[in-house]
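One-letter residues, chain by chain:
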Amino acid sequence: MALVLAIGGLGLAEAAIAQTVIRDSETGAVQVDHNVFDIQTGPLENQSHIPLPAELIGETQERHSQPVIPDALSPNSVEIAPDVDYIEHSFDQLLGPDADHISHTLHSETLQMTTQFNLRHRSGAHVYGEGIEITVFGPDGAVRSRESVFVSGDRVTIGSDGQPLPATAELNVTYGANETVELRVLNIRQDGADPSESGIYFSQNGEFVVEDLQNGGDLDFNDGHYLQFFGGQGLVQTLEEHSNISYETQVVEIPLDPEIRQEVLETVEVVETLTQTETISEEERDWGQIELPETVATRLGHARAARTEDEEWLVYDRYSGASQVRLGSDGLGLTGQLPPLFGNPDAPPTLLTGNVTFDPTAEDNEAGLTATLSVTQFLHPTHRVAQDVFGNAITTANGDGPTLLEPAGLFTNRRLVGYVPSQPGETVLGTQLTSVDGIFELPTDRAVSIAPPDPQQVGRGNSAYTDNVGGLLLEDVAGNLEFVPQWTASGYAQEPIDLEPGSVRRIIYAIVPQQPGQTLQLGQRYEVTDSVDGYRITEGDFTIISADRQPQNFLREMVEIYAVEDTLPGRNAVTPFFNGIQGIYVEEVGRASMPTVDLTLPGEADARVGNALFPMEWIPPEPGQRAYAQTTVAAGFYLSGSLTGGIGNQRDTVTRVTSTVEEYTDEIRTQRTINTFATPLIQIDSFLVATTETTVERGTASFDIDSQGELTNVNLFDTEIQDHNTSSVVLGHTSHLQHGEEFLMRSVTQETTQLMEPRLELVEQDISTESESYPNFAPVQGEVALGGVLNFGNTPWSPAANTVRAELFVRDIVIGRGNGSETGWRAELVFHPFGEQQRAAFQYDEAGNVVSVYQTEPMLDADGRQVVETLTAEDGTVVTVPVNQFVLDEAGDRIVQTTGTGRPNGPGFYLRVEDVFSDDERDMFAGGIQFDF
């Protein structure tokens, strides 16, 4: 089928190109911007199940299928709406193309457009009757009008109403600006049949393509050449606005106050008069001031090692006083310090220190002898009560004596050392006993343990007897005997036998050979009877071969292993393989008898017996060592205040000045003239004014719409003037001043006379200088310092400690004359190269008794790591401590541990540096040697 469908140039009959074609890639909907008309697809559905093309169709040919989306349907309609903005824009271009001052405003509610749709039958082009349905919808979606027309096809000529179909038909549709025209494409497939829906879509050029077959048929979308849609006509009311702008410059002159200028002319005359001559004598004394040394405060250690009443040195500390002698570049100094004023270690200590320093090298105006009294308040405790591993205070047995301390501070390296666990007493095996000819003589004062026999070493040998029993004869001090089996044909004894001291006198190796009725069992003891022929088991009267009665039957092969012959002369049990006669046994019935094998042949021994016997030795319990705290590094902060006074030689400088002066009196005469000038001023303002004349005309415009959807033949008629007005606006403003010629307004002259103060002039001067010296006291200087100190090596906080100290200070004269306050810093290092005095160390054990402390070394496990032990207190406190072992000397004795006494060995050395922030002089250094007591 081939039918013509042309709507305003959008059909295939006239291939006009639309302005813009946009396809939604997700839904397949299409929008076409065709100038005056906005055209878009209607709902994507049709009752003929015609599929939706997969893209905008390019070129169509009869029976050439287009790609489609099988599960989507083509629209049955398109929607057409007017573009009012485009119409209004076209009016401005067509009615005033060269006049920027003419504009048009449309009343869109008056817009009325008429479009004619023409249909015609094309013979040979389609067999179905084809038609369209035009519906006009208002802004609210209500139907304003609906009309439909059909034309006949080659095969279908009768419409749905039973009337013949015409060959041509037309529809004129009128609609407004806010109304929408819906165009549905229909077909009649049989005479008199109801209309069926066709599918309509767009080509890439914006042309309509139609498919009218059920389910899409051949899907060529080439069935739409039957409709022509001409552009149409329209009417609308409009306002045309004409604007005319003119420009002019307006000038306004404004007189201003004149500009005033004053000119001052002044002449001065000085008249000088000598009134008298005078001689003056003056004396000036420059008082000397005795200055104190820069650094005088000394702080000593305030703790030492504690001692018992028996002068035993403990591993704990106690508060103490200290004294010190220093000799250095800053002179000879004596320092004494009291113990902390408050003995409570939980409170930061307060120290009172006194110092006297003599410097023989002091010069005039320098204090050669100084005295300092200082109070040092630590900002935290420096010690705490000595504690054990569980944090309990360590005390003496009776609870008296001084409080025992250990170093503390803001930070320390406190650690628990010296812990050695106690060893409980135990019984161990002693040196193995040795038998003589198979007989053990046991010690009477020690228990003995008999180890089970070694199955690899003893038991049945190469014998005719299969039920021999090897064992031991136990003989007590009264001569009573017992036989204890150690192996039988069924196995070996597994448990050791422990004998109390003195319960057994002798142990004898023995064997009970196989005999009728002999069924001795392991784990049993059997009473033995001693007879002339030897030992016998009392119950059963079984023969016993023993090492003491039949020594020829036993041969020692190695330590505690004996080979045994299991027969005796004339009385032995008979078996199928042995006739019971010693020396001859039957190996097999019917063969010659064989002689008994000699014991010297190891491979042919009848049996072997042997047990290892050990005396039990008691190892008494060994006390361990209680852990104690060890600290070698401690640091802290303190606040210090001091007063320093001194005596020195003060030197003053006396200056005498004799001057001759002359006195003059001056008179100043001044003449002053003031001239006043004026200059006229005029302000000239210029204004640029724009005047706009606007005329507004109302009229009716008619227009045609061509096949391209563009406006043509636009005419405006029935015009009338609706409004006319004129307005002005200032576009620019400039202003400047115009100066006239300057003229003198007035002139005033004044004269004044001024008498000056008498003036002295030096004519002659004589200056002489001399000095005077005498002893005097230095001003008393006060100082406040904030310091920090680090103790390292030896006992912290003691006179033996090596220290690094740093302080920030501020000082001023509190009694006497001074030069103002000073601030600065100082640092000091004290080092004792010969270390600390050491003494044998003692501590209190858990019962409060004094015990020695011995040297220890870490106890390591198999991986080389120190062993640790978890201890639990009575209150449930659990702690973990490292385990040590005692260090022994060559004789196996413990080595005594030493502890520091807090006193240094020999002299120490100090180095101090100080700097005052406000002083431009270089830093002051002092150093020397010190002795602590």
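Everything below is about the structure printed above this text.
Presented here is a report on the structure given in the accompanying data block. (Residues numbered from 1 in each chain as written. Predicted model: local features only at pLDDT ≥ 70, side-chain atom pairs only at ≥ 80, totals over all residues. Heavy atoms only, no water.)

**Points about the overall build of the protein chain**
Point 1. The secondary structure content of the protein chain amounts to one helix and 64 strands.
Point 2. In terms of overall size, the protein chain is more extended than a compact globule, its C-alpha atoms giving a radius of gyration of 68 Å where 933 residues would be expected to give roughly 30 Å.
Point 3. Oriented by its inertia axes, the alpha-carbon framework of the protein chain measures out at about 175 × 155 × 45 Å.
Point 4. Looking at the protein chain as a whole, 42% of its 933 residues qualify as buried.
Point 5. In the protein chain, once contacts between residues fewer than 6 apart in sequence are set aside, the share between residues at least 24 apart is 74%.
Point 6. Summing over all exposed atoms, the protein chain offers an accessible surface of approximately 48300 Å²; the carbon and sulfur share of this is 50%.
Point 7. Of the side chains in the protein chain, 48 bear a positive and 143 a negative charge, and the two mean positions are spaced by 15 Å. (Helix = DSSP H or I, 4+ residues; strand = E, 2+ residues; numbered from the N terminus. Rg over C-alpha atoms; globule rule 2.2 N^0.38 Å. Buried < 20%, exposed > 50% of the residue type's maximum accessible area, 1.4 Å probe, protein only. Contact = heavy atoms within 4.5 Å. Areas by Shrake-Rupley, 256 points an atom, 1.4 Å probe, with all protein chains shown as cover. Lys, Arg positive; Asp, Glu negative; His and termini not counted. Charge placed at Lys NZ, Arg CZ, Asp CG, Glu CD.)

**Concerning the sheet that holds strand β47 (residues 613-619)**
Point 1. In spatial order, the strands read β29-β47-β31-β36; together these four strands make up an open sheet with antiparallel pairing. Unpaired on one side and paired on the other, β29 (426-429) and β36 (497-499) mark the two borders of the sheet. The average undirected angle you get between the axes of adjacent strands in this sheet is 30°.
Point 2. Pairing geometry for strand β31 (residues 448-450) and β36, over three bridges, is antiparallel. Bridge pairing in β36 links S449 to D498. (Pairing = 2+ DSSP bridges. Axes fitted to C-alpha atoms, helices over the stretch in contact; angles between N-to-C directions.)

**A word on empty space enclosed by the protein**
Point 1. By the definition in use, this model includes four cavities of 30 Å³ or more.
Point 2. Roughly 230 Å³ of volume is contained in the largest cavity.
Point 3. Lining of the largest cavity is provided by 23 residues; of these, R299, L300, G301, T803 and R805 occupy positions nearest its centre.
Point 4. At the level of elements, β21 (322-328), β24 (367-378), β53 (780-792), β54 (802-815), β55 (822-831) and β64 (924-932) are the ones that each hand at least two residues to the lining of the largest cavity.
Point 5. The residue makeup of the lining of the largest cavity, split by class, is nine nonpolar, nine polar and five charged. (1 Å grid on protein atoms, 1.4 Å probe; cavity = no way out; pocket = protein on both sides within 12 Å on 5 of 7 lines; lining within 4 Å. Points joined across faces, edges and corners; volume = space filled by probe spheres on them. Nonpolar A, V, L, I, M, F, W, Y, C, P; charged D, E, K, R; others polar.)

**Considering the packing of aromatic side chains**
Point 1. Inspection of every chain in the model, using the stated rule, returns eight aromatic pairs.
Point 2. Measuring from centroid to centroid gives 6.3 Å for Y316 and Y844, while their planes differ by 0°, and the two rings are stacked. Here Y316 is found in strand β20 (residues 313-319), whereas its partner Y844 is found in strand β56 (residues 836-844), with 528 residues between them in sequence.
Point 3. Ring pairing ties together the aromatic residues F378, Y638 and W797, which thus form one cluster. (Phe/Tyr/Trp six-rings, centres within 6.5 Å; stacked < 30°, edge-to-face > 60°.)

**Focus: the nonpolar core**
Point 1. One finds F91, M113 and F703 to be the most contacted residues of the largest nonpolar core, which totals 46 residues.
Point 2. In terms of residue count, strand β12 (residues 168-176) provides more of this core than any other element does, four residues in total.
Point 3. The residues touching M113, leaving out its near neighbours within four places in the chain, are V36, F37, P82, I87, V173, T174, Y175, Q233, G234, F703 and I705.
Point 4. Residues V484, Y509, L520 and I544 belong to the second largest nonpolar core, which totals 41 residues. (Core = buried A, V, L, I, M, F, W, Y, C linked by side-chain atoms within 4.5 Å.)

**Things to note about the side chain of T676**
Point 1. Tracing the sequence through the fold places T676 in strand β49 (residues 633-705).
Point 2. The exposure class assigned to T676 is buried, which follows from its relative accessible area of 2%.
Point 3. Once residues within four sequence positions are removed from consideration, T676 is found in contact with I260, R261, Q262, F743, L744, M745 and R746.

**Some thoughts on the pattern of salt bridges**
Point 1. Counting across every chain of the model gives 31 salt bridges.
Point 2. For E311, the salt bridge is made with R307, and the minimal N-O distance between the two is 2.7 Å.
Point 3. Notably, a salt bridge pairs R826 with E783, separated by 2.9 Å at the nearest N-O pair. One end of the pair, R826, is in strand β55; the other, E783, is in strand β53, with 43 residues separating them in the sequence.
Point 4. Within this structure, R299, E783, E807, R811, E822, R826 and E914 form a network of salt bridges that share partners. (Salt bridge = Lys/Arg side-chain N within 4 Å of Asp/Glu carboxyl O.)

**Observations concerning the pairing of strand β60 (residues 878-882)**
Point 1. Only one face of β60 is buried, namely the one carrying V879 and V881, since none of V878, T880 and P882 on the opposite face is buried.
Point 2. As judged from the five bridges shared by strand β59 (residues 868-872) and β60, these two strands associate in the antiparallel manner. Directly across from V868, in β60, lies its bridge partner P882.

**Side note on the sheet that holds strand β32 (residues 459-460)**
Picture the strands of a sheet paired through backbone hydrogen bonds; they go either parallel or antiparallel.
Point 1. An order of β32-β46-β43-β42 is seen for the four strands of this open sheet, with the pairing classed as antiparallel. Each end of this open sheet is capped by a strand with a single partner; those strands are β32 and β42 (554-558).

**Some details on the environment of E441**
Point 1. Among the secondary structure elements, E441 is positioned in strand β30 (residues 439-441).
Point 2. Note on E441: relative accessible area 54%, which makes it exposed.
Point 3. Between the C-alpha atoms of E441 and I507, which are 66 residues apart in sequence, the distance is 6.9 Å.
Point 4. For E441, the contacting residues outside a window of four places in its chain are R505 and R506.

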